[in-house]
Every structure is written in C-alpha cells, then in structure tokens.
Amino acid sequence: MGGGILNFVYPTELFPTGIRASASGLATSVSRVGSILGILVFPNLVAAWGNRAALWFFAAIGLLGLLISLWLAPETKGRKLEELNNEFASSLSNQTLMG
C-alpha cells in the first residue's frame, strides 16, 4: 500500500471526533498537493541540476519530513482513541489559556 495509507489511518487516530473528518480531508489534500508538486518539480530539477543533485534534494526533503514528524507527531500505538481525544483537548485548553 505504501505511505499513502497513513492519510486514512493516522488522522483518524490523532484528531478528536469533532474535527476528525476535516483533519482527514486536510491531510489527504496536503498529501495530494505534495504528490503533484513532486511530479511537476522533479523533471525540472533533473534538467537544471542533474539526477544526482535532484535526488539528494528530494532525499533531504524526505529527511526533513521525518524529523518534523518525529518532533511533532505523537505515537498512537497501544493507546485508546478516548485517551488521545482527552490529550488533544487538554493541549487545546492549555494553548487557549497561554495565547
């Protein structure tokens, strides 16, 4: 199935019920825009920089995405949706109080 299956699984586990559909839609749309940009940009980069530099550029972008995910995305393995919803709600209330 590849990495695209995460668009259906991870947002469903991560976001509370009230915004789950919107969050899943946003995740899917961002993923598709990224896919389209990759298809449109890659041939131009190969033409301008050559294969090696273009592939290293995309590898660096992938590594950046991995690091951002490790930093921002919580692990949901073995946790109940109710627990994740409560955690999200408490983080929102803390941000509201601070901001």
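Since the model is a prediction, treat every value here as computed from it, not as a measurement.

Caption draft 1: Region of interest: the overall build of the protein. For the protein, the count of helices and strands is four helices and zero strands. Walking the protein from its N terminus toward its C terminus, one meets helices and strands in the order α-α-α-α. Burial status across the protein gives 14% buried among its 99 residues. A total accessible area of about 7700 Å² is found for the protein, and carbon and sulfur atoms account for 70% of it.

Caption draft 2: Seen up close, the packing of aromatic side chains. One pass over the full model with this rule turns up three aromatic pairs. With 5.4 Å between their ring centres and 80° between their planes, phenylalanine 42 and phenylalanine 58 make a pair best called edge-to-face. In this pair, phenylalanine 42 is assigned in helix 2 (residues 20-49) and phenylalanine 58 in helix 3 (residues 51-72), connecting sequence segments 16 residues apart. Overall, the relative accessible area of 28% leaves phenylalanine 42 in the partly exposed class. Since its relative accessible area comes to 29%, phenylalanine 58 is described here as partly exposed. The interplanar angle of 85° and the centroid separation of 5.7 Å between the aromatic rings of phenylalanine 57 and phenylalanine 58 together place this pair among those described as edge-to-face. Of the aromatic side chains, those joined through ring pairs into one cluster are Phe42, Trp49, Phe57 and Phe58.

Caption draft 3: Molecular detail of the environment of glutamate 82. Position of glutamate 82 relative to the elements: it lies in helix 4 (residues 81-98). Each C-alpha atom of the pair glutamate 82 and proline 16 lies 8.3 Å from the other, and the pair is 66 residues apart in sequence.

Caption draft 4: Highlighting helix 2. Look at helix 2: 41 Å from first C-alpha to last across 30 residues, which is about the 44 Å you get at 1.5 Å a residue. Valine 41 marks where helix 2 bends most, by close to 30°; the proline proline 43 follows one to four residues later. Taken as a whole, helix 2 has its buried residues at Arg20, Ala23, Ser24, Thr28, Gly38 and Leu45.

Caption draft 5: The confidence of the model for the protein, seen in detail. Of the residues in the protein, 90% have a pLDDT of 70 or more, and the chain-wide mean is 82. Mean pLDDT values for the elements of the protein range from 71 in helix 4 up to 91 in helix 3.

Caption draft 6: Quick look at the side chain of serine 24. If you trace the backbone, serine 24 turns up in helix 2. Residue class for serine 24 comes out buried when judged on its relative accessible area of 17%. Once you skip the residues sitting within four places of it in the chain, serine 24 turns out to touch Pro11 and Thr12.

Caption draft 7: How the structure looks around the packing of helix 1 (residues 6-14) against helix 2. Where helix 1 meets helix 2, the axes come as close as 9 Å, and the angle between the chain directions of the two elements is 145°. Two packed elements cross with a definite hand, and for helix 1 against helix 2 that hand is right-handed. Facing helix 1, whose interface residues are Asn7, Pro11 and Thr12, helix 2 presents Arg20, Ala23, Ser24, Ala27, Thr28 and Ser31. Broken down by class, the residue content of the contact of helix 1 with helix 2 amounts to three nonpolar, five polar and one charged.

How each quantity is defined
- Residues numbered from 1 in each chain as written.
- Predicted model: local features only at pLDDT ≥ 70, side-chain atom pairs only at ≥ 80, totals over all residues.
- Heavy atoms only, no water.
- Helix = DSSP H or I, 4+ residues; strand = E, 2+ residues; numbered from the N terminus.
- Buried < 20%, exposed > 50% of the residue type's maximum accessible area, 1.4 Å probe, protein only.
- Areas by Shrake-Rupley, 256 points an atom, 1.4 Å probe, with all protein chains shown as cover.
- Phe/Tyr/Trp six-rings, centres within 6.5 Å; stacked < 30°, edge-to-face > 60°.
- Expected span 1.5 Å × (residues − 1).
- Bend = angle between axes of the 7 residues up to and from the residue.
- pLDDT = per-residue confidence, 0-100.
- Contact = heavy atoms within 4.5 Å.
- Axes fitted to C-alpha atoms, helices over the stretch in contact; angles between N-to-C directions.
- Left-handed = near helix turned anticlockwise from the far one by under 90°.
- Nonpolar A, V, L, I, M, F, W, Y, C, P; charged D, E, K, R; others polar.

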